[in-house]
Amino acid sequence: MLNTLFTAASLLNTRAGHRRVACQEWQNSIQKNAGLAFIELINEGRLLCHAMKDHVVRVANEAEFILNRQRAEDVHKHAEFESNCCQYAAERREEEKMCDHLIGAAKHRDHVTASQLRQKIVNILTNKHGAWGTSGQRPPHDFWRLDYWEDDLRRRRRLIRNPLGSTHSDVSCKTLQEYVADEDELVKLKSSPPLFPGQSVANQNPETELILEGDDDSAGLLQEKEADNLGGPVVLSSPAQLVAPGLVARGTLSITGSEIYFEVDEDDPAFKGVSPKVLAYTEGLHGKWMFSEIRAIFSRRHLLQNTAMEVFMANRTSVLFNFPDQATVKKAVHSLPRVGVGTSYGLPQDRRASLASPRQLFKSSNMTQRWQRREISNFEYLMFLNTIAGRTYNDLNQYPLFPWVLASYDSQELDLTLPANFRDLSKPIGALNPKRAAFFAERFESWADDQTPPYHYPSFCSTAACALHWLVRMEPFTSLFLSANDDKFDHPDRIFSSIARSWRNCQRDTSDVRELIPEFFYLPEMLVNSNGYHLGMREDGAAVGDVDLPAWARTPEDFVRINRMALESEFVSCQLHQWIDLLFGYKQRGPEAVRALNVFHHLTYEGAVSLDAIADPLTREATEAQIRSFGQTPSHLLIEPHPPRSSAMHLSPLMFKDQLQQDVIMVLKFPSNSPVTHVAANTLPHLAVPAVVTVTCSRLFAVNRWHNTLGLRGAPGYSLEQAHHLPIEMDPLIANGAASNKRQITDLVDQSIQISTQCFVVTADNRYILACGFWDKSFRVYSSETGKLTQIVFGHWDVVTCLARSESYIGGDCYIVSGSRDATLLLWYWSGRHHIIGDNPVNGDYPAPRAVLTGHDQEVACVAVCAELGLVISGAKDGPCLVHTITGDLLRALEAPESWRQPRLISVSSEGHCIVYYERGRFCNFSVNGKLLAHMELRDSTRAMVLSSDGHNLATGGDNGVVQVWQACSLKPLYVYPACDAAIRAMDLSHDQRTLITGMASGSIVAFNIDFNRWHYEHQHRY
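Worth saying up front: this structure is predicted, and the values here are computed from it rather than measured.

Cut-off values and rules
- Residues numbered from 1 in each chain as written.
- Predicted model: local features only at pLDDT ≥ 70, side-chain atom pairs only at ≥ 80, totals over all residues.
- Heavy atoms only, no water.
- Helix = DSSP H or I, 4+ residues; strand = E, 2+ residues; numbered from the N terminus.
- Buried < 20%, exposed > 50% of the residue type's maximum accessible area, 1.4 Å probe, protein only.
- Contact = heavy atoms within 4.5 Å.
- Areas by Shrake-Rupley, 256 points an atom, 1.4 Å probe, with all protein chains shown as cover.
- Pairing = 2+ DSSP bridges.
- Axes fitted to C-alpha atoms, helices over the stretch in contact; angles between N-to-C directions.
- Phe/Tyr/Trp six-rings, centres within 6.5 Å; stacked < 30°, edge-to-face > 60°.
- Lys NZ or Arg CZ within 6 Å of the ring centre and 35° of its normal.
- Expected span 1.5 Å × (residues − 1).
- Arc of directions from axis to C-beta.
- Polar contact = N/O pair within 3.5 Å; in protein donor to acceptor, adjacent residues only side chain to side chain.
- Salt bridge = Lys/Arg side-chain N within 4 Å of Asp/Glu carboxyl O.
- Disulfide = S-S within 2.5 Å.
- Parallel < 35°, antiparallel > 145°, perpendicular 65-115°, else oblique.
- pLDDT = per-residue confidence, 0-100.

Enquirer: Explain the overall build of the protein here, please?
Expert: Along its length, the protein carries 21 helices and 40 strands. Burial status across the protein gives 52% buried among its 1023 residues. Of the contacts made within the protein by residues no fewer than 6 positions apart, 61% connect residues no fewer than 24 positions apart. When the accessible area of the protein is evaluated, it comes to approximately 47,100 Å², of which 54% is carbon and sulfur surface.

Shown next as structure tokens:
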């Protein structure tokens, strides 16, 4: 058993040994293979580690990038938030500043308005005809100043009371020694080197267009659309300058969605240095203008830079703003309504027209063609050229420019048919005298200054000093003149004191090349020292007062009238285009200007200098002073010769033939036999129903159709086949006897009212008739088509005794004036769009008058209104006649000869003639400013009168049935028609001024053939 155990044990040991050997081998094998595997594992681990590291780094980088991006976004958002907060805070501060600015401006405006209203109330109460005045009192001296109101031809003719006026008794005249210093300063300015010495005006390219940038259609439309979409209280706010006569005031212009505001910077040192007398006459320093009042917008120049804008208002005034640059001008225009440059020049009412260059306006307008066809006068055409070329009343350095037209100021009589009495308009004023022309030519040819381009004349023919020189006797120009001349008048030998002497100076003095201003052709008051200034004594011992007139002019009115006749004469009409070439056309600059002796100092020309390119403030200030001193030429309008005017003989040859036309064209008898007390001839061809509307004493009216073929007698295209047509066709309802409903005004009239032509008004479209005299103190509106009552208007405290209508404008809008026994007049507005009295059809039952006119102490017997002049002229039963503005200001009373009272008829023309008929056949002609020009007495009791459209002729008729034609200015007789068989009760003229229609006491109307051309001066003496 032990052996077995030992055997088993040895076997176990053997096996264990073998196992040990196998285990060792296995271990060895494992060690060998494990090393390789471990190495592989290590290598794989290393590779995996590197891959993992790259992955971790990549992930870390991506994470860092994401975190950085998020951090940057956070920083950006934070910065954007802070920026938005700052911007919002800045906008809020700007809005608060703007609100403070607007509030301050409103306070200033309220103060100015309150002062004006206070002065108006004081004037109303203390006037001779006011509540506190007595008819016997007379103020020690009435001072007057020129109003800024412009008529349709841009004439400023109204004089208004001047509460700031004085005789300037403390002002002395300059001595001759003082002119030496002034001339030395002027020579220094002229000798200053130019900024661009290489640029000669004579060699400038005349075709250079100076227009605002960005005029293409797409950009313009886009900006207009953007401007229309702007919101907020303030659309545009910009630094700006208010340019007014004698003043350039810095301030801030703000444009909202419906208004323009300007607030002057009263802390500006330049503003503080302005004379208080100048500021007193300056309007708009704290201005506010409604969009609804804007009628035209022009781009303008200021100091030869295209950076200004002029806005024309409904109250017939204008305001001029200068901006920092052209871009702001464009923004301002796009922020304002689309009104263009108005409706007068045949141009579209859009912003493109407002931004167009003067040359573009000239090419696009129809005014040249109208002038050639003689549809407009020479005066109107020259004013058009001045307006589009940048000449403006608001900048004395760019005052409108007119030519000397006459050359004879020493003769006792003036014959306007002799060419020798006229100035040669083909030459500039400096070249009329051959000796002086040779002097200027020699100056140009022998020019030796390399720094300054050569010129014939050192300054332009119109400067601020020139304008003030001519207008020194009228405020506000008197104060402007004194402010510019150290509070001194000119030396008595140098002041404007004689027309003839001024003309001689323009021919002899090498430093005087002045042309005229428009006032020489319409404003006689500029020649009168009405304010009593002490202007000194000349060396010959004569005191300087009123301007000495030529011997052929008895009064200032005579001189202005004859000067205007000369301007409109055929001789001037044939030459005027040559003067236009010199001042506005192809002879303004370049070689043609050299040949015409028409070169001025280079700093007077458009485009000669860019002020923005001048960095030195002192140099810029000196340049601006030079421009102000030398004047500014008008904008260059055309680069080819201006076309001449067509001959009057060519256009209408029949007007110069002695046509044996019958005086009476036709007689139309109405069945009613009731006297025709009112006639209204609204015969324009474009009307739906051109007609002659008549109203009888029994208040039966008729709309009698007008045939315009007869109105074309003597015009081109007229044929004798048209002659058989009668001009007036009786109203069918009257002719058929069916007028009881549609043609009768049945409302009860106060029994004390005497029906006359003053009791009715017919609207310009013949669609409505206004009647007064009703017992309930109203006047009423009736439809002429149906006869139905459409409106009852209350406002007076007693019976309405007379009505009057102004001329109508586009759309049929006009003014209606009603006079009453309560001694007041009310001014109403007739809306042609809504056909009612008042602006708002919703309140048509209770319209409010535009103004209440007071001053009479008796029943108002007659009235006339002229919208173009802005005047209402009325007469009380026993006098006097008062002149009011349409804003309610009482200007003056018309002083007739002693014992001439009881005015019965008043007629006023846009030319300024006011004809008043008094009882017992007495007529007076007053100027627009109240001066009695002429008077006469007739044996006839006149019942009707009418002025021609040009205001030159007056037709009258009365109880003796005779129509007489008079010269309006002198009341001299021109023609007497054969007597009719009945008294004349009413009359009116057709639109073409060729037919006079009278209403007769026999119940008929008579059409007279009338041709004012045969009484025209030139027709009588030349043809």
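Enquirer: Would you explain the sheet that holds strand β34 (residues 942–947) in this entry?
Expert: By way of backbone hydrogen bonds, the strands of a sheet pair with one another, either parallel or antiparallel. If you trace the four strands from one edge of the open sheet to the other, you get β34-β35-β36-β37, paired in antiparallel fashion. At either margin of the open sheet sits one strand with a lone partner, and together these are β34 and β37 (972–976). Mean inter-strand twist for the sheet, computed between neighbouring axes without regard to direction, equals 25 degrees. With five bridges connecting them, β34 and strand β35 (residues 953–958) associate as antiparallel partners. In the strand pairing of β35, Leu947 is matched with Leu954.

Enquirer: What is the right way to look at the pairing of strand β33 (residues 932–937) in this model?
Expert: Put simply, side chains in a regular strand alternate between the two faces of the sheet. Relative to β33, strand β32 (residues 922–926) runs antiparallel, the two being bridged by five bridges. Paired with Arg922 across the two strands is Glu937, which belongs to β33. Between the antiparallel neighbours β32 and β33 lie five residues, among them Gly930 with a positive phi of about 90 degrees.

Enquirer: What's the story with unusual backbone geometry in this structure? I'm lost.
Expert: Glycine aside, residues mostly have negative phi angles, and peptide bonds mostly take the trans form. Here the amide bond leading from Glu475 into Pro476 is cis, since omega sits at 5 degrees, within 30 degrees of zero. Among the secondary structure elements, Pro476 is positioned in the loop between α12 (464–470) and α13 (477–484). If you check the backbone angles, His168 has positive phi at about 50 degrees while not being a glycine. Tracing the chain through its elements places His168 in the loop between β2 (159–161) and β3 (172–173). Its relative accessible area of 5% is what places His168 among the buried residues. For Arg316, which is not glycine, the phi torsion reads 65 degrees and is therefore positive. Within the fold, Arg316 resides in the loop between β9 (305–313) and β10 (318–322). Exposure remark for Arg316: the relative accessible area of 16% places this residue in the buried category.

Enquirer: Help me understand the pairing of β34 in this model?
Expert: Where burial is concerned, most of β34 is hidden: five out of the six residues are buried. If you look at the hairpin formed by β34 and β35, you'll find five residues sitting between the two strands, and Gly951 has a positive phi there, around 75 degrees.

Enquirer: Looking at this structure, I do not really get the packing of aromatic side chains. What am I missing?
Expert: Aromatic rings considered in pairs are described by the distance between their centres and by the relative angle of their planes. Following the criterion strictly, the structure yields 35 aromatic pairs and no others. Measuring from ring centre to ring centre gives 5.2 Å for Tyr977 and Phe1008, while their planes differ by 65 degrees; the resulting arrangement is edge-to-face. Of this pair, Tyr977 sits in the loop between β37 and β38 (984–989) while Phe1008 sits in strand β40 (residues 1004–1009), and the two are 31 residues apart along the sequence. Exposure class is identical for Tyr977 and Phe1008. Each is buried. Here the basic side chain of Arg156 rests over the ring of Tyr393, its NZ or CZ set 4.1 Å away from the ring centre. Its guanidinium or amino end placed over the ring of Phe774, Arg780 lies 4.6 Å from that ring's centre, counting from NZ or CZ.

Enquirer: Help me understand helix α18 (residues 617–630) in this model?
Expert: With 14 residues, α18 extends 20 Å from end C-alpha to end C-alpha; this agrees with the ideal 20 Å at 1.5 Å per step. Within the sequence span of α18, burial applies to Thr623, Glu624, Gln626, Ile627 and Phe630. Down the axis of α18, the buried set is contained in an arc of 155 degrees. They therefore lie on one face. In α18, those exposed residues whose orientation departs by more than 90 degrees from the buried face are Pro617, Leu618 and Glu621. Looking one or two residues past α18, Gly631 carries a phi angle of roughly 85 degrees, positive in sign.

Enquirer: For this particular structure, what's the right way to read the environment of Ser335?
Expert: Structurally, Ser335 is set in helix α6 (residues 326–335). For Ser335, a relative accessible area of 13% gives the class buried. For Ser335, the residues in contact, after removing those within four places along its chain, are Val235, Leu236, Ile255 and Phe291.

Enquirer: Just to check I follow, could you spell out the side chain of Arg154 for this structure?
Expert: With respect to the helices and strands, the residue Arg154 is situated in the loop between β1 (144–146) and β2. The buried category is assigned to Arg154, whose relative accessible area is 8%. Of note is the side chain of Arg154, whose polar atom sits 2.9 Å from the side chain of Glu150.

Enquirer: Just to check I follow, could you spell out the pattern of salt bridges for this structure?
Expert: Here the idea is simple: oppositely charged side chains can pair when their charged atoms come close. Throughout the structure, instances matching the rule amount to 37 salt bridges. In this structure, Asp959 and Arg985 form a salt bridge, with 3.0 Å as the shortest nitrogen-oxygen distance. Taken together, the residues span a long stretch of sequence, with Asp959 in the loop between β35 and β36 (964–967) and Arg985 in strand β38 at a distance of 26 residues. Residues joined in a network through salt bridges with shared partners are Asp151, Arg155, Arg157 and Glu911.

Enquirer: Please explain the sheet that holds strand β6 (residues 259–264) as it appears in this structure.
Expert: Taken in spatial order, the seven strands make up an open sheet running β7-β6-β5-β4-β10-β9-β8, and their pairing is antiparallel. Edge positions in the sheet fall to β7 (286–290) and β8 (294–302), since each of these pairs with one other strand and no more. For this sheet, the mean inter-axis angle between neighbouring strands, taken without regard to orientation, is 30 degrees. Sheet topology places β9 next to β10; five bridges connect them, and they run antiparallel. Looking at the pairing, Met309 lines up with Phe321 of β10. Along the sheet face, α6 touches β4 (236–244), β5 (247–255), β8 and β9 and points at about 20 degrees away from the line of β9.

Enquirer: What exactly am I supposed to notice about the state of the cysteines here?
Expert: Each disulfide consists of one covalent bond between the sulfur atoms belonging to two cysteines. Across all of its chains, the model carries zero disulfides by this definition. This cysteine, Cys697, is not joined by any disulfide, and Cys759 carries the nearest cysteine sulfur, 9.2 Å off. With a relative accessible area of 35%, Cys697 lands in the partly exposed category.

Enquirer: Explain the packing of helix α10 (residues 378–388) against helix α16 (residues 570–583) to me, please; I cannot follow it from the model alone.
Expert: What describes two packed helices is the angle between their axes and the distance between those same axes. Two numbers describe how α10 lies on α16: the axes approach to 11 Å, and their chain directions differ by 10 degrees. The angle between α10 and α16 places the two elements in the roughly parallel class. Note on element contacts: α16 touches α10 through Val572, Ser573, Leu576, Trp579 and Ile580, opposite Asn378, Tyr381, Leu382 and Leu385.

Enquirer: Mind showing me how you'd approach the confidence of the model for the protein here?
Expert: Interpretation of the predicted coordinates at a detailed level should be avoided for regions scoring low in pLDDT. Per-residue pLDDT for the protein has a mean of 86; in total, 87% of the residues score no lower than 70. A low-confidence stretch, residues 194–232 (pLDDT under 50), is modelled with 72 contacts involving residues beyond four sequence positions or located in other chains. Note on residues 710–724: pLDDT is under 50 here. Beyond four places in sequence and across chains, it has 20 contacts.

Enquirer: It is not clear to me how α13 should be interpreted in this structure. Could you clarify?
Expert: The periodicity of an α-helix, 3.6 residues per turn, causes residues three or four positions apart to be oriented the same way. In terms of residue burial, α13 counts as a mostly covered element, since six of its eight residues are buried. By the burial criterion, the buried members of α13 are Phe477, Thr478, Ser479, Leu480, Phe481 and Leu482. Those residues of α13 that are buried lie in contact with β1, α5 (276–280), α12 and β11 (488–489). Phi for Asp486, located one or two positions after α13, is positive at around 55 degrees.

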